[in-house]
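Chain by chain, the residues:
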Amino acid sequence: MILMTAAAFKPSAETAPQSGARLLVSTLERLGVEVVFGYPGGAIMPVYDALAGSKLKHILVRHEQGAAFSADAYARKSGKVGVCMATSGPGATNLVTGIANAMMDSVPIVCITGNVAQGLMGTDAFQEIDILGVTLPIVKHSILVRSAAEVPAAIEEAFHIARSGRPGPVLVDLPKDVQFETTADDYGFSIPNEAPRVDHDAIAAAEAAIRAAKKPLVYIGGGVKIGGATGALRAFVAATGIPQVSTLNALGTIPTDAPGMLGMLGMHGTRAANHAVQDSDLLIVVGARFDDRATGKLAEFAPNARIVHFDIDASEVGKLRSANVAVVGELREGVEALTARMRSGAALNIQAWADDCAGAAKAGAHRYDAPGEGVYAPALLKEISEAAGDDFIAACDVGQHQMWAAMHCRFAKPEAHITSGGLGAMGFGLPAGIGAKLADPSATVVTIAGDGGFMMNIQELATLKRYGIPLKIVLIDNSSLGLVRQWQELFFAENYSEIDLSDNPDFVKVAEAFGIEAFRIDRRDQVSDGIQRLLAADGPCLAHVVIDPRDNVWPLVPPGKSNAEMMEGS
Amino acid sequence: MSNTIHIQIDRADGSLQRLIGLVERRGFHIDGMALADEGAFRRIALTVRGRDSGRCMDNLGRQIDRLFGVRRISNDIIQSEAA
Ligand SMILES: Cc1ncc(C[n+]2csc(CCOP(=O)(O)OP(=O)(O)O)c2C)c(N)n1
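What you see is a predicted model, and the numbers here were worked out from it, not measured in a lab. (Residues numbered from 1 in each chain as written. Chains lettered and ligands numbered in written order. Predicted model: local features only at pLDDT ≥ 70, side-chain atom pairs only at ≥ 80, totals over all residues. Heavy atoms only, no water.)

Trainee: So what exactly am I meant to see when it comes to the overall build of chain B here?
Mentor: Counting its secondary structure elements, chain B contains 2 helices and 4 strands. Taken across its 83 residues, chain B has 45% of its residues classed as buried. Long-range contacts, defined as pairs at least 24 residues apart, comprise 61% of the intrachain contacts of chain B with a sequence gap of at least 6. (Helix = DSSP H or I, 4+ residues; strand = E, 2+ residues; numbered from the N terminus. Buried < 20%, exposed > 50% of the residue type's maximum accessible area, 1.4 Å probe, protein only. Contact = heavy atoms within 4.5 Å.)

Trainee: In this structure, what is going on with the UniProt feature "domain: Thiamine pyrophosphate enzyme N-terminal TPP-binding" (unreviewed entry) in chain A? I would like to understand it.
Mentor: When the UniProt feature table is mapped onto this chain numbering, "domain: Thiamine pyrophosphate enzyme N-terminal TPP-binding" (unreviewed entry) sits at residues 19-132 of chain A. Secondary structure over residues 19-132 of chain A splits into 43% helix and 18% strand, and the C-alpha atoms at its two ends are 23 Å apart. (UniProt positions renumbered as here; feature names shortened; annotations may be inferred.)

Trainee: Help me understand the confidence of the model for chain A, please; the structure alone is not making it clear to me.
Mentor: The predicted coordinates should not be examined in detail at positions where pLDDT is low. Averaged over chain A, the pLDDT score is 94; the fraction of residues at 70 or greater is 95%. This stretch, residues 1-13 of chain A, has a pLDDT under 50; its non-local contacts, to residues over four places away or in other chains, come to 37 contacts. (pLDDT = per-residue confidence, 0-100.)

Trainee: Is there a simple way to explain the sheet that holds strand β1 (residues 2-10) of chain B in this structure?
Mentor: All names here are of chain B. Strand order in the open sheet made by the 4 strands is β2-β3-β1-β4, with antiparallel pairing throughout. The open sheet has two free edges, formed respectively by β2 (28-38) and β4 (70-73), since each of these has just one partner strand. Across the sheet, the mean angle from the axis of one strand to that of its neighbour is 25°, orientation sign disregarded. Relative to β4, β1 is paired through 3 bridges, and the arrangement is antiparallel. Looking at β4, one finds that glutamine 8 is bridged to arginine 72. Helix α1 (residues 15-25) rests against β1, β2 and β3 (41-50) of the sheet, and its axis sits at about 160° to β2. (Pairing = 2+ DSSP bridges. Axes fitted to C-alpha atoms, helices over the stretch in contact; angles between N-to-C directions.)

Trainee: Just to check I follow, could you spell out helix α12 (residues 271-279) of chain A for this structure?
Mentor: Helical geometry note: an α-helix holds 3.6 residues per turn, so side chains three or four residues apart project in the same direction. Restricting attention to buried positions, one finds in α12(A) the residues Ala272(A), Ala273(A), Asn274(A), Ala276(A), Val277(A) and Gln278(A). Where α12(A) is buried, its residues contact β11 (216-220), β12 (244-246), β13 (261-264), β14 (282-286) and α15 (351-363) of chain A.

Trainee: Please clarify how the nonpolar core should be interpreted in this entry.
Mentor: Taken as a class, soluble globular proteins show a tendency for nonpolar side chains to be buried jointly. Residue and element names in this part refer to chain A. Judged by nonpolar contacts, the single largest core of 58 residues is most densely connected at Tyr219, Phe236, Leu283, Ile284, Val286 and Phe310. Look past the residues within four positions of phenylalanine 310 in its chain and what remains in contact with it is Ile203, Ile284, Val285, Val286, Gly287, Val327, Leu331, Gly334, Val335 and Leu338. Grouped together as the second largest cluster of nonpolar side chains are 55 residues, Tyr74, Ala443, Ala449 and Ile473 included. (Core = buried A, V, L, I, M, F, W, Y, C linked by side-chain atoms within 4.5 Å.)

Trainee: I keep staring at empty space enclosed by the protein and nothing clicks. Help me out?
Mentor: Residues and elements named next belong to chain A. Tallying each qualifying case throughout the model produces 2 cavities of 30 Å³ or more. By volume, the largest cavity is sized at about 50 Å³. As for the largest cavity, its lining consists of Lys77, Asp390, Asp391, Phe392, Ile393, Lys413, Glu415, Ala416, Asp440 and Ala443. Across the lining of the largest cavity, the residue classes break down as 4 nonpolar, no polar and 6 charged. Roughly 40 Å³ of volume is contained in the second largest cavity. Lining the second largest cavity are Leu380, Ile384, Val474, Ile521, Gly530, Ile531, Leu534, Ala543 and Val545. Elements represented by at least two residues in the lining of the second largest cavity include exactly α16 (377-388), α23 (527-536) and β22 (541-546). Looking at the lining of the second largest cavity, the element that brings in the most residues is α23, giving 3 residues. The residue makeup of the lining of the second largest cavity, split by class, is 8 nonpolar, 1 polar and no charged. (1 Å grid on protein atoms, 1.4 Å probe; cavity = no way out; pocket = protein on both sides within 12 Å on 5 of 7 lines; lining within 4 Å. Points joined across faces, edges and corners; volume = space filled by probe spheres on them. Nonpolar A, V, L, I, M, F, W, Y, C, P; charged D, E, K, R; others polar.)

Encoded structure:
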């Protein structure tokens, strides 16, 4: 067990006096930050003043929530730390959902908030909020900076904490007097060494458990991509032939169409994946946290399986399901060590199980020949991901369209699927698309949103326009809060309470009003041409796709039920 | 059953709130608390009890241990991971 040690600070060489705000900007530059998402205001004006002439590209979003979501997706796609900033009070509180999102999905972002001067703190001054207190439960760490001289060290520490170990959001609160204060001092930051080392006895125990199993299964979580262990996991799977299932956040870690990949498990998982989990006698859990959307009723989840659990975060192991073998440490190191052991011994004798799983996947494969003339969203999403090829990146919002995208798009890489997994925050899709596209300008980034979620951050169309970001948007409009509607239909006796959005604005006109190309698709025979038009557009472009409000997501495990009890639509 | 956890933590802004908030949010009652300053650190003895039988003291220990600013936590709380 590792005890965390706080950063040790050491004074470094004297430099010319600079303001705290200037020190913030120069430290971000020194750390290699290229893009910052933010929105100014009174308590962070010195920082905005210092931005002029800096190397940082500041993206002025139209709502601070957009800044946090964009920084989050930027981090997921680039593998770097995302940075956002906001003023005190309302600016800072507008970041909160984005911070929680990054926390739930372990995404490294640094959020910089201005605050009132220290002398005013605690007096209910204008736009004063204890943002440190507000965000305590949803940050990996937070720092209130008390003097200009501490700024560089605080920022470096924030970056280090955000990306080390299990990544997460770090908040740095900068009182206004600290931004103005000038200092010649600069306290350097020495990096604490805290990566837990993988225990090789545990690896040996994992190998023994795998060799003793008849029906082993790999349960892949979002931690694999975060931990840079995608290649290692692919090698493990290739070496052993063990079938795999994926959480929502891990889609693409193994390409969707790879043999042995049974798809997503859980509430909207595939039949093959859920059955394999229930049948398996050993789950090799890698970087996953037994979220209830993945496990269904926990007491009945994988009832016959022993558990081998790999995680960098010791507090995840045994949190919800105790592990027979726990491997705590860097995932890549752990998986590579296990692969080496598996390779040096005999090949596994699991062909019958692997064939079983593959057979179930084939038998349960989705059919795309739905009756009718209307647009069938699963088929459209499948087609667009295939047309875009290996460079396809989906930035999804939350709802039925999100589940359809997860189930039917083809993802070649783990960063190809960016979604608000843990928090499930509507409004994520558009700002996330912006962040992902800025992180990788050459990729084909497609925001997939529902009409409800799209409206939650629709103002970011202005950001798209201003910076000419060629993001493609597929807006799947069912004139309702579809996923809630589906639950009301199935579990609340069709009492459709407050889900009607049939008075939506004309989204094509809305996009055009923002200066963005847009067109409508409302028949199946328009889909292929529409996809070509969207992908070929030079700048940002929106396809407004109208679907039948009654379309539902299938299969589905009812809430509180075991994953063995999947419902199928008619 | 209650346990007493001994923790040494930095005297940073919010550190106490961070610790207590975590313990309560993770489903434990705080039955007692003693606090003493030690220069740049605080030494805290927390007597805690799970809100229900599903709450695992080991897990709480690991969660406290990963808080930044926690220097030391009594070893008897954190046992080996392997079950
Ligand atoms: C910020 C936020 N508010 C509420 C919810 C609850 N919620 C989950 S899905 C959903 C409906 C989404 O509707 P829409 O965006 O139109 O997508 P659809 O399900 O129709 O594809 C709602 C309200 C949420 N996830 N996030």
